[in-house]
Amino acid sequence: MKILSFGSLNYDHVYEMDHFVEPKETQSSLAYARGFGGKGLNQSIALAKAGLEVYHAGRVGSDGQDFIDYLNRYGVNTDYLMKDDSLATGHAIIEVCKGQNCIILHGGANQAIDKEQIDEVLSHFEKDDVLLIQNEISNLSYLIDKAHEKGLMIVFNTAPMNEKVFTYPLDKIDIFIVNEIEGAGLAKIDTNDYQKIIEALKERFPDKRIVMTVGESGSYYIYKDTLIHQNAYKVEAIDTTAAGDTFTGFFLASYLKDQDIARALDLAAKASSITVQGKGAAQSIPGIEEL
Ligand code: RIB
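Here we summarise the structure given alongside this text. Here the structure is a predicted model, which is why all the values come from computation and not from measurement. (Residues numbered from 1 in each chain as written. Predicted model: local features only at pLDDT ≥ 70, side-chain atom pairs only at ≥ 80, totals over all residues. Heavy atoms only, no water.)

1. Overview of the layout of surface pockets
The method is simple in principle: a probe with the dimensions of a water molecule rolls over the atoms, and the space it marks as empty is what remains. In this structure, the largest pocket spans a volume of roughly 1400 Å³. Lining the largest pocket are 49 residues, with Asn179, Gly215, Thr240, Ala243 and Gly244 sitting closest to its centre. Secondary structure elements with two or more residues in the lining of the largest pocket: β2 (10-16), α1 (39-49), β6 (90-97), β7 (100-106), β10 (175-179), α5 (180-187), α7 (243-258) and α8 (261-275). In terms of residue class, the lining of the largest pocket is made up of 21 nonpolar, 19 polar and nine charged. Roughly 280 Å³ of volume is contained in the second largest pocket. Along the walls of the second largest pocket sit 22 residues, with Val14, Glu16, Val96, Asp239 and Lys279 positioned nearest its centre. (1 Å grid on protein atoms, 1.4 Å probe; cavity = no way out; pocket = protein on both sides within 12 Å on 5 of 7 lines; lining within 4 Å. Points joined across faces, edges and corners; volume = space filled by probe spheres on them. Helix = DSSP H or I, 4+ residues; strand = E, 2+ residues; numbered from the N terminus. Nonpolar A, V, L, I, M, F, W, Y, C, P; charged D, E, K, R; others polar.)

So, in structure tokens, the structure goes:
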């Protein structure tokens, strides 16, 4: 079984702020750093750090060689990562304030993934291999259709949640990984009551496996009559960027090893509790030995 993570790569420009910038306001940052990010890259790093062999497919621009080197440093296979000299790599502008963040995305090369690239990448994978995706690259409907046609298991982290998600063939997804806001969006329900979101998700996707993280309240695994809850580990968060990506990577890596859901939720909770104690995205994801 091979694991393909097909997703975004961004230069993250991270600004530490006294408060989030408001309309009509100009504010100086308290600190600035540039790092490697993108939900796709972060999740590939998390999978690799959790001990899995992972292939990362995606697209970077002329300035993207650093991403290839970075992924390789952690053992991620980049044979299917395309470098396109006519484009710029995606980037994100991230404000961090009291542990929380606000993110502005510029897709760049992430939005230039086309059907030709998808066909080429998928030609190296077969039935029962696993595809992990997020909502930061172009042509996701085509990717889901083609991967499903080949019999890959498809895991979809719906972040960032937006209306485009409903244009994808969601019936072909095997596992959804969401936070409570994405869960409510996916279920088309306007509430922050976790129990109501869970019920609505079950009604809308009765035969899907769903993992929902709920911040300090932990996470849930939802599948038919099975509901498993995992507490969050209490730590002081200084930057939550990539916490969800860490959770996704560690959950999936552990689940694929032995299908033990409780163990996978626990490992993912531990890993993301370490990520929130570090600054930045990919650089704050822990290695398995730290857990
Ligand atoms: O989930 C965090 C990530 O979201 C950041 O690394 C940023 O690049 C955006 O994709």
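2. A look at helix α4 (residues 140-149)
Looking at α4, one finds that the buried residues are Leu140, Tyr142, Leu143, Ile144 and Ala147. Close packing links the buried residues of α4 with β1 (3-6), α3 (115-122), β8 (130-133) and β9 (153-157). Backbone geometry just after α4 places glycine 151 at a positive phi near 85°. (Buried < 20%, exposed > 50% of the residue type's maximum accessible area, 1.4 Å probe, protein only. Contact = heavy atoms within 4.5 Å.)

3. Remarks on the packing of aromatic side chains
Tallying each qualifying case throughout the model produces 14 aromatic pairs. When the centroid spacing of 5.1 Å and the interplanar angle of 45° are considered together, the rings of tyrosine 15 and tyrosine 32 count as tilted. One end of the pair, tyrosine 15, is in strand β2; the other, tyrosine 32, is in strand β3 (residues 31-37), with 17 residues separating them in the sequence. Ring centres of tyrosine 80 and phenylalanine 125 lie 5.7 Å apart, and the angle between their planes is 75°; on these two criteria the pair is classed as edge-to-face. Of this pair, tyrosine 80 sits in the loop between α2 (65-73) and β5 (81-83) while phenylalanine 125 sits in the loop between α3 and β8, placing them 45 residues apart in sequence. For the pair tyrosine 80 and phenylalanine 125, one class covers both residues: buried. Here a set of aromatic residues connected by ring pairs shows up, and it is made of Tyr11, Phe36, Phe67, Tyr70 and Tyr74. Its end group placed over the ring of phenylalanine 125, lysine 2 keeps NZ or CZ at 4.8 Å from the ring centre. The ring centre of phenylalanine 166 lies 4.3 Å from the NZ or CZ of lysine 188, which sits over that ring. (Phe/Tyr/Trp six-rings, centres within 6.5 Å; stacked < 30°, edge-to-face > 60°. Lys NZ or Arg CZ within 6 Å of the ring centre and 35° of its normal.)

4. Some remarks on the site of the ligand
What surrounds the ligand is a group of 14 residues, the closest being Asp12, Gly38, Lys39, Glu136 and Asp245. With respect to the ligand, the side chain of asparagine 10 contributes an N or O atom lying 3.0 Å from an oxygen atom. Here lysine 39 contributes a side-chain N or O atom positioned 2.9 Å from an oxygen atom of the ligand. Protein burial of the ligand: of its 280 Å² of free accessible surface, 96% is covered by the chains. With respect to the detected pockets, the ligand is housed in the largest pocket. Put simply, the parts of the chain that give the shell around the ligand at least two residues each are β2, α1 and β7. The residue inventory of the shell around the ligand, partitioned by class, reads five nonpolar, five polar and four charged. (Near = heavy atom within 4 Å. Polar contact = N/O pair within 3.5 Å; in protein donor to acceptor, adjacent residues only side chain to side chain. Areas by Shrake-Rupley, 256 points an atom, 1.4 Å probe, with all protein chains shown as cover. Sits in = over half its atoms within 2 Å of the grid points.)

5. Quick word on the packing of α1 against α7
Between two packed helices, the angle of one axis relative to the other and the distance separating the axes together describe the packing. It is at 8 Å that the axes of α1 and α7 come closest, and there the two elements cross at 40°. Relative to α7, the element α1 is oriented oblique. In the packing of α1 onto α7, the handedness of the crossing is right-handed. Residues Lys39, Asn42, Gln43, Ala46, Leu47 and Lys49 of α1 touch α7, and the partners they reach there are Asp245, Thr246, Thr248, Gly249, Phe250, Leu252 and Ala253. (Axes fitted to C-alpha atoms, helices over the stretch in contact; angles between N-to-C directions. Parallel < 35°, antiparallel > 145°, perpendicular 65-115°, else oblique. Left-handed = near helix turned anticlockwise from the far one by under 90°.)

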